[in-house]
Amino acid sequence: MSPAKVETLLDILKECKWINYHLINHDGSKEMTNSDEKLPIAVTWGVFPGKEILQPTVVDPVSFHFWKDEAFALWKQQWGRLYAEGSQSRGVIDSIYDSYYLVNLVDNDYVGGNRLWEILDKVVSSGPCAGGAADGTAGETAKSVTPTPSD
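Structure report, in brief. (Residues numbered from 1 in each chain as written. Predicted model: local features only at pLDDT ≥ 70, side-chain atom pairs only at ≥ 80, totals over all residues. Heavy atoms only, no water.)

Applying the stated rule across the entire model yields 6 salt bridges. D69 is paired through a salt bridge with K68; the nearest N and O atoms lie 2.6 Å apart. Judged by relative accessible area, K68 falls into the buried class, the value being 8%. Here E85 ties to R90 by a salt bridge, and the two come within 3.6 Å at their closest N and O atoms. A single network of salt bridges, built from pairs that share partners, joins K76, E85, R90 and D94. (Salt bridge = Lys/Arg side-chain N within 4 Å of Asp/Glu carboxyl O. Buried < 20%, exposed > 50% of the residue type's maximum accessible area, 1.4 Å probe, protein only.)

Next up, the structure:
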């Protein structure tokens, strides 16, 4: 996501307290989240009679850093190689690699339904967000994360 759209997304998410987000640039020097920096978030689970609740899919902030490396490597190593150095097309890819963010959004309002597409549409059209869990369980404010060598 472009830096300008990131600003728009963060403005919209201020009113969408039920959404957890995590954004990071290619080298991890710019990172924003309203989630715990180390604890995973369950995004799917299964409930079956007479069985424990199954929690097969989580969003793990630590794994997100590895996903970041893979995602941005695709830009540089796969797409970038298709175009000659110095070409306009290669310049566009390099610019995206250097300035864009990898974005992860989790909708925690299970009753209200998945409104992530609505939010992304609002990012494109820059509108406010309506609805959501009344208790705002997904977090109150964004916090910047400063990576440490042990991360």
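Still more ground to cover, so stick around.
In this structure, L9, L13, C16, I19, L23, L105 and I119 are the most contacted members of the largest nonpolar core, which totals 16 residues. For this core, the secondary structure elements donating two or more residues are α1 (3-13), β1 (19-25), β5 (101-107) and α4 (116-125). Considering each element in turn, this core owes the most residues, 5 residues, to α1. (Core = buried A, V, L, I, M, F, W, Y, C linked by side-chain atoms within 4.5 Å. Helix = DSSP H or I, 4+ residues; strand = E, 2+ residues; numbered from the N terminus.)

Now for the packing of α1 against α4. At a minimum axis separation of 9 Å, α1 and α4 run at an interaxial angle of 125°. Of the possible angle classes, the one that applies to α1 and α4 is oblique. Where α1 crosses over α4, the two elements pack in a sense that is right-handed. For the pair α1 and α4, the contacting residues are K5, T8, L9, I12 and L13 in the first and I119, K122, V123 and V124 in the second. For the contact of α1 with α4, the per-class residue count stands at 6 nonpolar, 1 polar and 2 charged. (Axes fitted to C-alpha atoms, helices over the stretch in contact; angles between N-to-C directions. Parallel < 35°, antiparallel > 145°, perpendicular 65-115°, else oblique. Left-handed = near helix turned anticlockwise from the far one by under 90°. Contact = heavy atoms within 4.5 Å. Nonpolar A, V, L, I, M, F, W, Y, C, P; charged D, E, K, R; others polar.)

Inspection of the secondary structure puts T8 in helix α1. Along the backbone, T8 and S125 are 117 residues apart, and their C-alpha atoms lie at a distance of 9.4 Å. Excluding anything up to four places from it in sequence, T8 contacts K122, V123 and S126.

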